[in-house]
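Coordinate analysis (summary)
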Amino acid sequence: MAPQAASFVLGCVATLTVMLLFQYQAPPDYGRAARSPVQFSTSRDQLLLHCGGNGTAPPPPVIARGGEEANITGKPPTTATAVAEEQPPTKPPATSTASSPTHHIPATSTDLEEEGGEFRGLAAAVARAATDDRTVIITCVNHAFAAPDSLLDIFLEGFRVGDGTPELLRHVLVVAMDPTALTRCRAVHPHCYLYTMPGLDVDFTSEKFFASKDYLELVWSKLKLQRRILQLGYNFLFTDVDIVWLRNPFKHVAVYADMAISSDVFFGDPDNIDNFPNTGFFYVKPSARTIAMTKEWHEARSSHPGLNEQPVFNHIKKKLVKKLKLKVQYLDTAYIGGFCSYGKDLSKICTMHANCCIGLQSKISDLKGVLADWKNYTRLPPWAKPNARWTVPGKCIH
C-alpha cells in the first residue's frame, strides 16, 4: 500500500510541475523590440491614438523606456505601478531600457537655469507641457513666424483638425525667440517659453533668410536648448513650425532608437545611415549617449563654418554612430513627409513639412493648401478616400 501511495504522490507532483511550466511566460525582452513603435495612449479604456486609422481598434499599448507606458492625457496614472514610477520634474525617470545607459541628469534644474540666465524657467515650462512619461513636443518661433495668419497659426490649426492630434496639442511647448513672439504665443497657446541668449547680439524678430548670419545663429541656438531638455531627463520631439501635424507620428518612432529623424530622401530602410536627414523633425531620448551627441554636434559647427545644423549632422552622423553606439532611425516619408518627398496616400500621412521651399509667404500659401486638401479628404465618403491626392505645392514647387 505504501509504494502505491508514494507513486500516486509523485504522479501528482509531476503533473503539477508540467502545468506550471506551461503557464509560465518569460518576461518580454525589450532589447528585441526593435520594430515596436512608441505609442501614446489616452487610457486603458480608450483607443490608442494612431496614424492611418481605418476604424478598427489598434493593438495593445507598446511598452517602451523600460516598461513605462506613455500617457498623453496629462492625467495622473491610474495603476499602482504607474503611480509608484511617477517622478517629480527634476528627478530622473525610474527606469531605463536595457539598450540605453542610465539617464544623465544634473543635480538640480537650478544649476541649468542659473548658467548666465540662458535657461531660466525652462525646467518648469517643460514640466508643465510634458506627458506623464516625460515627453514634450517643441517648436520655435520668432515674431515673423508667430504673427497672426503666419506659420504658428497654421501649425496650431493642423493639430486642431488632425486625426488624433488635438490631444497632443497640450503637450506642445512653443519656444519664443523674442518678446514679441512670446506675447503672441501667450494669446493663442497655453505653453510658451522665452529663450534669451545673453551676449548674442542678434535680432530674431524678422524673417531669417536661409544661410544668413542671423539664420545660422537661430538654428544653432535651438540645438543648445534641445541638449538642456535632455539633461533635464525629458524625451523631446522637435518640430519646425512650418510642419502641419495631421495624425499622431509617435506610432512610427521605434523603441530601439536613441534618435528618430525625418528624411529629405528616404531609401526605404529606416536603419540605412545614408538616408538624407532633415533636422526639422526629430525625436530624441535622454541618455549619456544622446547628450554627448548633441554636444559634439554643436561643437562641430566650428569645423564647418557657414553651414547650418542639418548638413553638419549629415557630415558627422557616421562618426557619431560609431563612436557613441548611437541608434538612429530614419522616418519613412510616406508617413513623415515634406515637399521634398511625400507619399501620395493620404490615409498614411502624419506630418507635412514645407521643406525644399524658400520664403515665408511661399510656405504659408502652400501649407494652407495642405490643410485645405486634408479638410477635403476628411469630408470624403470612405469609398472615395483611397483616390484622394495632394495638390502640388504651387508656390514652393514649380
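Residues numbered from 1 in each chain as written. Predicted model: local features only at pLDDT ≥ 70, side-chain atom pairs only at ≥ 80, totals over all residues. Heavy atoms only, no water.

Along the backbone of the chain there are 11 helices and 10 strands. Out of the 398 residues in the chain, the part that is buried amounts to 51%. For the chain, contacts bridging at least 24 residues in sequence account for 72% of all contacts bridging at least 6. Carbon together with sulfur atoms contributes 58% to the accessible area of the chain, which is approximately 18,500 Å² in total. (Helix = DSSP H or I, 4+ residues; strand = E, 2+ residues; numbered from the N terminus. Buried < 20%, exposed > 50% of the residue type's maximum accessible area, 1.4 Å probe, protein only. Contact = heavy atoms within 4.5 Å. Areas by Shrake-Rupley, 256 points an atom, 1.4 Å probe, with all protein chains shown as cover.)

Of note, the phi angle at Asp149 is positive, near 65°, even though the residue is not glycine. On the secondary structure map, Asp149 appears in the loop between helix H5 (143–146) and helix H6 (151–161).

With mixed pairing, 3 strands are arranged side by side in an open sheet as S5-S10-S9. Strands with a single pairing partner mark the edges of an open sheet, and in this sheet they are strand S5 (243–245) and strand S9 (336–338). Between one strand and the next, the sheet's axes are offset by a mean angle of 20°, whatever the strand orientation. One ladder, built from 3 bridges, connects S9 with strand S10 (residues 351–353); its direction is parallel. When the bridges of S10 are listed, Gly337 appears paired with Met352. (Pairing = 2+ DSSP bridges. Axes fitted to C-alpha atoms, helices over the stretch in contact; angles between N-to-C directions.)

In terms of nonpolar packing, the biggest core is built from 50 residues, with Val141, Leu152, Phe155, Trp245, Leu246 and Phe339 touching the most fellow members. Of all the elements in the fold, those that place two or more residues in this core are strand S1 (135–141), H5, H6, strand S2 (172–176), helix H7 (179–188), S5, strand S7 (276–284) and helix H11 (360–379). When residues of this core are assigned to their parent elements, the largest contribution, 7 residues, is made by H11. Once residues lying within four places of it in the same chain are set aside, the contact partners of Phe155 are Thr139, Val172, Thr239, Asp240, Val241, Ile243 and Trp245. The next biggest cluster of nonpolar side chains, apart from the first, holds 44 residues, and it includes Phe119, Phe238, Ile291 and Met293. (Core = buried A, V, L, I, M, F, W, Y, C linked by side-chain atoms within 4.5 Å.)

Now for the pairing of strand S6 (residues 259–265). Within S6, 6 of the 7 residues are buried, which leaves it mostly tucked inside the rest of the structure. Of the pairings in the sheet, the one linking S6 to S7 comprises 6 bridges and is antiparallel in character. Paired with Ser263 across the bridge in S7 is Pro277. In terms of strand pairing, S6 meets strand S8 (residues 328–330) through 3 bridges, oriented parallel. Across the sheet, Ile261 pairs through a bridge with Tyr330, a residue of S8.

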